[in-house]
Amino acid sequence: MNKFTEMLEEKLMPIASRVASNKYLIAIRDGFALALPLLIIGAIHLLLANLPITGYPAFMAGIFGPNWATFFVIPFNATMAIMAIFVVLGIAYSLAGQFELDQISTAVIALVSFLIITPLNMMVTPAAGDPIAVGDVIPFTWIGSRGLFVGILTAIFATLIVRFVVRKNWVISMPDGVPPTVAKGFSALIPAVIVFTLFNLLRLLMTFTSFGTVHDMIFNVLQTPLTALGATLPATLVANFFIGLFWVFGIHGANIVGAVMGPIWLSLSADNLNAFQAGQPLPNIITQQFQELYLQLGGSGSTLSLALIMLFLTKSQLLKKLGKLAILPGLFNINEPITFGVPIVLNPLMMIPFILTPMILAVFVYYWTALGFVPRPSGVIIPWTTPPIIGGLLMAGIPGAITQLIELVISFFIYYPFIMAVDKQYLNQELEAQHHEETASV
């Protein structure tokens with residue numbers, strides 16, 4: 001086992017280090033981190049407008065009138081429904097900082113570029129008659145979840161073009177006496193003109209293709225296949241395998257894998273949320289909420305049950321004290337005390353349940369949901385720090401809370417034999433140390 005661990009460390013660590021330090025993955029992670037609080041706020045407002053409680057709409061309409069839901073829908077439209085805009089700004093801002101460019105101007109250039117290639121029209125169907133095209137509008141269709149991949153690519157390429165122009169020194173330099181704000185504005189002028197022209201040419205070229213727009217091309221060629229792949233159980237198992245494996249070597253696996261899978265899981269959540277809002281069947285079992293609330297009970301590795309075992313069933317003082325320390329953050333899905341305290345990092349014995357537990361839970365919850373024992377995630381984005389049971393209740397009602405309880409039992413039985421073996425080792429070491437102290441004192 002030690003040789004196997006050494007081999008994995010030798011082969012995996014260089015790859016993981018390169019992935020963790022990749023500028024583009026860091027920028028994508030930062031972009032979604034910027035958008036996440038806004039998405040949570042928007043999703044909560046949508047949930048309040050569509051609470052699945054019998055008589056709730058009639059009750060609210062009786063108090064606030066027939067248009068009561070508008071109060072909640074408008075904040076949703078101003079946040080989650082335009083998530084691609086926030087993602088573009090966040091990614092470009094982060095990447096510009098890593099390239100030592102002016103972050104604000106680069107982020108704005110990226111956003112304008114995104115709007116240039118976004119169709120400024122939409123089809124509207126009157127109450128009676130055929131659909132008609134309405135121009136001079138920004139449709140929610142392409143600035144929400146369906147525009148995420150175009151937004152990601154736009155932010156990256158716009159920033160790279162700005163970087164190229166700046167490196168060539170194709171900028172307007174102002175004298176020293178000019179205020180810094182004015183100087184920055186003029187220095188961004190030429191890069192902005194070049195970027196806007198290139199993206200406008202791209203928009204024009206796409207009108208001569210069968211797709212018509214960049215958004216249609218990316219959505220059909222790239223986003224739809226990737227999203228369909230991400231919605232499968234095998235892809236989820238692979239993602240969670242690498243999350244656990246990276247953590248075993250002390251690397252934040254959720255951040256690394258999330259930079260790749262996050263946009264896909266978020267897009268799947270948005271599809272469910274749109275269906276939930278429209279009162280239609282929810283299309284996806286696997287979403288961001290499935291990953292964060294069902295497979296990370298207590299943090300990566302689903303270690304909340306492990307913390308409970310250490311707190312109540314272990315005999316060694318080390319693990320008992322560690323259980324007391326880990327239980328409170330574990331309730332909020334933070335498990336670094338366990339990861340580095342047991343430890344799980346570079347521990348050949350504990351790496352087995354740490355990697356396997358989320359994968360086993362993924363199989364259980366996937367088929368448990370497919371068989372109809374628990375509803376599919378509504379798509380409402382719930383903070384990943386939401387304690388288990390409460391998170392399940394918010395995501396899928398009482399069946400969601402019961403599902404998380406069952407998961408805690410499953411993970412308990414997976415972790416139990418492994419942690420008790422570790423406990424026995426620590427207990428023997430403590431007894432030996434105590435014996436040596438008593439012998440030395442005689």
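Residues numbered from 1 in each chain as written. Predicted model: local features only at pLDDT ≥ 70, side-chain atom pairs only at ≥ 80, totals over all residues. Heavy atoms only, no water.

**Here's the deal with the overall build of the chain**
To keep things clear, this is the line we draw: The helix count covers DSSP runs of H or I at least four residues long, the strand count covers runs of E at least two residues long, and both are numbered beginning at the N terminus. Exposure categories follow from relative accessible area, calculated using a 1.4 Å probe and restricted to protein chains: below 20% of the type maximum is buried, above 50% is exposed, and the middle band is partly exposed. The contact definition used throughout considers only heavy atoms, calling two residues in contact when any of these lie within 4.5 Å. Method for areas: the Shrake-Rupley scheme with a 1.4 Å probe, in which residue coverage is limited to the protein chains shown. For the purpose of charge, His is not counted, nor are the chain termini; Lys and Arg are scored as positive and Asp and Glu as negative. Where a charge lies is defined by one atom per residue type, namely NZ (Lys), CZ (Arg), CG (Asp) and CD (Glu).
If you tally the helices and strands in the chain, you get 19 helices and two strands. With the principal axes as the frame, the chain shows a C-alpha extent of 90 × 65 × 40 Å. Within the chain, the proportion of its 442 residues that are buried is 46%. If you take every contact in the chain between residues at least 6 apart in sequence, the share linking residues at least 24 apart comes to 73%. Summing over all exposed atoms, the chain offers an accessible surface of approximately 21400 Å²; the carbon and sulfur share of this is 70%. For the chain, the centre of its 17 positive side-chain charges and the centre of its 19 negative side-chain charges are spaced 4 Å apart.

**Some points on helix α6 (residues 103–116)**
Defined as follows: Multiplying 1.5 Å by the helix residue count minus one yields the expected span of that helix.
For α6, with 14 residues, the first-to-last C-alpha span of 20 Å sits near the 20 Å given by 1.5 Å per residue. Of all the residues in α6, the buried ones are Ser 105, Thr 106, Ala 107, Ile 109, Ala 110, Leu 111, Ser 113 and Phe 114. The inward-facing, buried residues of α6 abut α5 (83–98), α7 (140–143), α8 (148–167), α10 (189–206) and α11 (214–230).

**As for the packing of aromatic side chains**
To keep things clear, this is the line we draw: Here is the rule: rings of Phe, Tyr and Trp (six-membered ring for Trp) pair when centre to centre is within 6.5 Å. Planes less than 30 degrees apart are stacked, more than 60 are edge-to-face, and the remainder are tilted. Cation placement over rings: the criterion is NZ of Lys or CZ of Arg within 6 Å of the ring centroid and within 35° of the ring normal.
According to the stated counting rule, one finds 15 aromatic pairs in the structure shown. Measuring from ring centre to ring centre gives 5.8 Å for Phe 412 and Tyr 416, while their planes differ by 25°; the resulting arrangement is stacked. In this pair, Phe 412 and Tyr 416 are both assigned in helix α19 (residues 390–441), four residues apart and thus about one turn of the helix distant. It is Arg 146 that lies over the ring of Phe 219; its NZ or CZ is 4.0 Å from the centre. Its guanidinium or amino end placed over the ring of Phe 99, Arg 163 lies 4.0 Å from that ring's centre, counting from NZ or CZ.

**Observations regarding empty space enclosed by the protein**
Going by this rule: Within this scheme a cavity is a closed region of a 1 Å grid, computed over the protein atoms alone, that accommodates a 1.4 Å probe without allowing it to escape, whereas a pocket is open but has protein on both sides within 12 Å along at least five of seven lines; lining residues each have an atom within 4 Å of a point. Grid points are joined across faces, edges and corners, and a volume is the space filled by probe spheres set on the points. Three categories are distinguished: nonpolar for Ala, Val, Leu, Ile, Met, Phe, Trp, Tyr, Cys and Pro, charged for Asp, Glu, Lys and Arg, and polar for the others, with Gly belonging to the last.
For the coordinates displayed, the defined rule picks out two cavities of 30 Å³ or more. Of the pockets and cavities examined, the largest cavity occupies roughly 40 Å³. Considering the residues around the largest cavity, the lining is formed by Asn 240, Ile 243, Gly 244, Leu 295, Gln 296, Ser 300, Gly 301, Phe 354, Ile 355 and Pro 358. Taken together, the elements giving at least two residues each to the lining of the largest cavity come down to α12 (233–248) and α18 (351–370). Here the lining of the largest cavity is built from residues that sort into five nonpolar, five polar and no charged. As a volume, the second largest cavity reaches approximately 30 Å³. Residues of the lining of the second largest cavity, tallied by class, amount to six nonpolar, one polar and one charged.

**Section: the pattern of salt bridges**
Definition in use: The term salt bridge refers to a side-chain nitrogen of Lys or Arg lying within 4 Å of a carboxyl oxygen of Asp or Glu.
Following the criterion strictly, the structure yields one salt bridge and no others. Arg 29 is the salt-bridge partner of Asp 30, the closest N and O atoms lying 3.3 Å from each other. The class of Asp 30 is partly exposed, set by a relative accessible area of 28%. Of the residues examined, Arg 29 reaches a relative accessible area of 35% and is grouped as partly exposed.

**Some remarks on the environment of Leu 51**
For Leu 51, the position within the fold is in the loop between α2 (23–49) and α3 (56–64). Sequence-wise, Leu 51 and Phe 157 are 106 residues apart; in three dimensions their C-alpha atoms are separated by 41 Å.

**A look at the layout of surface pockets**
Its boundaries defined by the atoms lining it, the largest pocket holds a volume of some 750 Å³. Contributions of two or more residues to the lining of the largest pocket are made by α2, α12, α13 (253–278) and α14 (288–294). Looking at which element gives the most residues to the lining of the largest pocket, the answer is α13, with eight residues. In terms of residue class, the lining of the largest pocket is made up of 14 nonpolar, eleven polar and four charged. By volume, the second largest pocket amounts to about 390 Å³. For the second largest pocket, the lining is made up of 20 residues, of which Ser 145, Arg 146, Ala 270, Asp 271 and Asn 274 are closest to its centre. When contributions to the lining of the second largest pocket are tallied by element, the ones reaching two or more residues are α4 (70–77), α7, α11 and α13. At six residues, α13 tops the list of elements feeding residues into the lining of the second largest pocket.

**Some words on unusual backbone geometry**
Each neighbour pair has its own omega, and for Val 342 with Pro 343 the value is -10°, a cis peptide bond. Relative to the assigned elements, Pro 343 resides in the loop between α17 (336–341) and α18. A positive phi is found at Ser 302, a non-glycine position, where the angle reads about 50°. You can see Ser 302 is positioned in the loop between α14 and α15 (304–312). The backbone of Ile 389 sits at a positive phi, close to 80°, despite the residue not being glycine.

**Considering the environment of Leu 293**
Along the chain, Leu 293 falls in helix α14. Residue classification places Leu 293 among the buried residues on the basis of a relative accessible area of 2%. Residues Leu 293 and Leu 266, 27 residues apart in the sequence, show an inter-C-alpha distance of 14 Å.

**Structural notes on the side chain of Ser 269**
Using the following cut-off: Here a polar contact means two N or O atoms within 3.5 Å. Within protein one must be a hydrogen donor candidate and the other an acceptor candidate, and residues neighboring in sequence count only if both atoms are side-chain atoms.
Structurally, Ser 269 is set in helix α13. Look at Ser 269 and you get buried, because its relative accessible area is 0%. Here the side chain of Ser 269 touches Gln 288 through a polar contact of 2.9 Å, landing on its backbone nitrogen. Beyond its immediate chain neighbours, meaning those up to four positions away, Ser 269 contacts Thr 287, Gln 288, Gln 289 and Gly 379.

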